Amino acid sequence: MAVRVGFDEALMLYDSLDMNKLSRLATEIREKINGNKVYYNKNFHLEPSNVCIHRCTFCSYRRESDQEAGSWSMDIEQVREYCRKKYKNGETEVHIVGSVHPDRDLSYYLKVVEAVREELPDTVAIKAYTAVEIDDMTKSSGLSPKEVLKELKARGVMLLPGGGAEIFNPSVRDKICPDKTDSDRWLEIHKEAHKLGMRTNCTMLFGHIESREHRIEHLMALRELQDETGGFDAFIPLLFKPANNPLSHLGEVSIIEVLKTFAISRIVLDNIPHIKSYWPMLGKELCQMALLYGADDMDGTINDSTKIYSMAGSREQNPQMTTSDLERLAAEAGFMAVERDSFYNIIPKKS
Ligand code: V47
């Protein structure tokens with residue numbers, strides 16, 4: 001195995017102006033793990049509410065209450081109707097993520113999963129909830145993370161999305177999400193999930209007030225947990241989108257910085273198999289470019305089902321792509337697209 005990069009070397013690479021070298025180093029690792037493949041899946045999101053107790057300054061999605069303009073909250077019947085409407089094309093995953101609603105508790109979140117499981121065929125994997133939502137469920141129920149995860153798993157949750165990690169550094173976290181699950185708790189919840197045999201993803205929100213050093217620290221904390229558990233399937237670098245939130249004045253970082261961040265992520269996280277280039281956030285073209293800097297997964301068809309990034313100003317206002325669109329994007333960048341299920345098993349193409 002190649003020698004692992006440490007903090008100083010990662011920072012030196014980040015600071016270097018040699019983009020070809022970064023692309024080459026990241027591509028060497030992506031090729032060793034994933035060859036020339038680019039993964040995608042057929043999926044949709046379920047965002048039951050955007051009313052949230054947390055006041056993250058990067059968030060354009062949250063609303064203070066159900067009375068505020070632009071808010072929504074689904075009851076269980078609406079969750080059922082939504083699933084019936086969105087499942088139409090052999091989707092293999094539903095990704096449930098939303099908010100921490102002031103009046104919802106564990107029993108509501110469990111009922112959502114039960115309703116989704118009843119409405120959708122068994123071929124659809126349920127990916128739910130973020131560690132932040134799970135942390136809140138422990139508070140409202142008095143249960144431990146392990147107990148909450150067991151309840152979710154018993155009702156059909158198969159894997160956890162990577163949201164809520166933001167930036168682990170406490171001084172940055174104090175400024176961007178002061179009242180939210182801290183980094184130790186985020187890592188603890190993922191570790192518990194891994195111990196229960198659940199696969200999870202991890203993320204990093206970058207391009208706001210954090211430094212390159214903070215990002216490397218964050219990546220190293222994820223690498224350390226992965227060494228211990230091996231439970232992460234994919235890492236998603238989430239680019240801060242600045243529209244309609246309290247950090248709007250920061251604007252967006254350059255495309256070069258985005259591509260560097262993908263490459264450094266691929267290089268540092270040598271033990272996480274997949275790096276996701278999430279197109280509803282990046283836009284299609286930048287998503288393609290990230291494939292040349294270590295990413296190997298584009299996420300999915302989405303079916304116009306997520307608002308987190310459109311509300312924050314993404315150019316993808318109603319994100320949806322067909323499988324042929326996704327295959328074309330990968331091919332244009334020189335890769336071979338393959339459809340996967342939620343666990344990265346390849347789904348053979350029907351002829
Ligand atoms: O934790 C919120 C981010 C995350 C903004 O696991 C923002 O496959 C940028 O985690 N600009 C939730 N980012 C979404 C998430 C996710 C997305 C796609 C795939 C997966 C996966 C997980 O969205 C939050 C936060 O970091 N976010 N607001 C914003 N203005």
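Refer to the structure printed above.
**Remarks on the overall build of the protein**
And step 1. What the protein contains, in helices and strands, is 13 helices and 10 strands.
And step 2. Relative to the compact-globule value of 20 Å for 351 residues, the protein shows a C-alpha radius of gyration of 19 Å, a close match.
And step 3. Dimensions of the protein, computed from the C-alpha atoms along their principal axes, are close to 55 × 55 × 40 Å.
And step 4. Across the protein, the fraction of contacts at a sequence separation of at least 24, relative to all contacts at a separation of at least 6, is 77%.
And step 5. Per element, the accessible surface of the protein, about 14,200 Å² overall, is 50% carbon and sulfur.
And step 6. Across the protein, the centroid of the 45 positively charged side chains sits 3 Å from that of the 54 negatively charged ones.

**Some details on the packing of helix α1 (residues 7–15) against helix α9 (residues 212–229)**
And step 1. It is at 10 Å that the axes of α1 and α9 come closest, and there the two elements cross at 135 degrees. Judged by the inter-axis angle, α1 sits oblique to α9. At the point where α1 passes α9, the crossing takes the right-handed sense. Contact with α1, carried on its side by F7, A10, L11, Y14 and D15, involves R212, E213, R215, I216, E217 and M220 of α9 and no other residues of that element.
And step 2. Residues belonging to the contact of α1 with α9 are distributed by class as follows: 6 nonpolar, no polar and 5 charged.

**Remarks on the side chain of H45**
And step 1. Topologically, H45 is positioned in strand β2 (residues 43–46).
And step 2. Side chain to side chain, H45 and Y278 meet in a polar contact 3.4 Å long.
And step 3. In this view, H45 contacts Y82, H95, V97, Y278, D299, I302, S305 and T306; residues no more than four positions away in its chain are not counted.

**Here we look at the pattern of salt bridges**
And step 1. Tallying each qualifying case throughout the model produces 28 salt bridges.
And step 2. R212 is the salt-bridge partner of D15, the closest N and O atoms lying 2.7 Å from each other. In this pair, D15 is assigned in helix α1 and R212 in helix α9, connecting sequence segments 197 residues apart.
And step 3. Assessed through its relative accessible area of 42%, D15 is described here as partly exposed.
And step 4. In this structure R212 comes out as partly exposed when scored by relative accessible area, which is 21%.
And step 5. When the shortest N-O distance is used, the salt bridge between E188 and R185 registers 3.4 Å. Separated by 3 residues within a single helix, E188 and R185 lie in helix α8 (residues 183–195), roughly one turn from each other.

**Section: the sheet that holds strand β1 (residues 37–41)**
And step 1. Ordered in space as β9-β1-β10, the 3 strands form an open sheet in which the pairing is parallel. Either end of the sheet is taken by a strand with one partner, and the two such strands are β9 (297–300) and β10 (336–339). Strand-to-strand twist across the sheet, computed as the mean angle between neighbouring axes with direction ignored, equals 25 degrees.
And step 2. In this structure, β1 lies alongside β10, joined through 4 bridges in parallel fashion. Bridge assignment links Y40 to a residue of β10, and that residue is E339.

**Comments concerning the pairing of β1**
And step 1. The buried fraction of β1 is high, at 4 of 5 residues.
And step 2. As paired strands, β1 and β9 are joined by 2 bridges and run parallel to one another. Within the sheet, the bridge partner assigned to N41 lies in β9 and is G300.

**With respect to the sheet that holds β2**
And step 1. One open sheet accounts for 7 strands, arranged β2-β3-β4-β5-β6-β7-β8; its pairing is parallel. Pairing within the sheet leaves two strands with one partner each, and these edge strands are β2 and β8 (274–275).

Cut-off values and rules
Residues numbered from 1 in each chain as written. Predicted model: local features only at pLDDT ≥ 70, side-chain atom pairs only at ≥ 80, totals over all residues. Heavy atoms only, no water. Helix = DSSP H or I, 4+ residues; strand = E, 2+ residues; numbered from the N terminus. Rg over C-alpha atoms; globule rule 2.2 N^0.38 Å. Contact = heavy atoms within 4.5 Å. Areas by Shrake-Rupley, 256 points an atom, 1.4 Å probe, with all protein chains shown as cover. Lys, Arg positive; Asp, Glu negative; His and termini not counted. Charge placed at Lys NZ, Arg CZ, Asp CG, Glu CD. Axes fitted to C-alpha atoms, helices over the stretch in contact; angles between N-to-C directions. Parallel < 35°, antiparallel > 145°, perpendicular 65-115°, else oblique. Left-handed = near helix turned anticlockwise from the far one by under 90°. Nonpolar A, V, L, I, M, F, W, Y, C, P; charged D, E, K, R; others polar. Polar contact = N/O pair within 3.5 Å; in protein donor to acceptor, adjacent residues only side chain to side chain. Salt bridge = Lys/Arg side-chain N within 4 Å of Asp/Glu carboxyl O. Buried < 20%, exposed > 50% of the residue type's maximum accessible area, 1.4 Å probe, protein only. Pairing = 2+ DSSP bridges.

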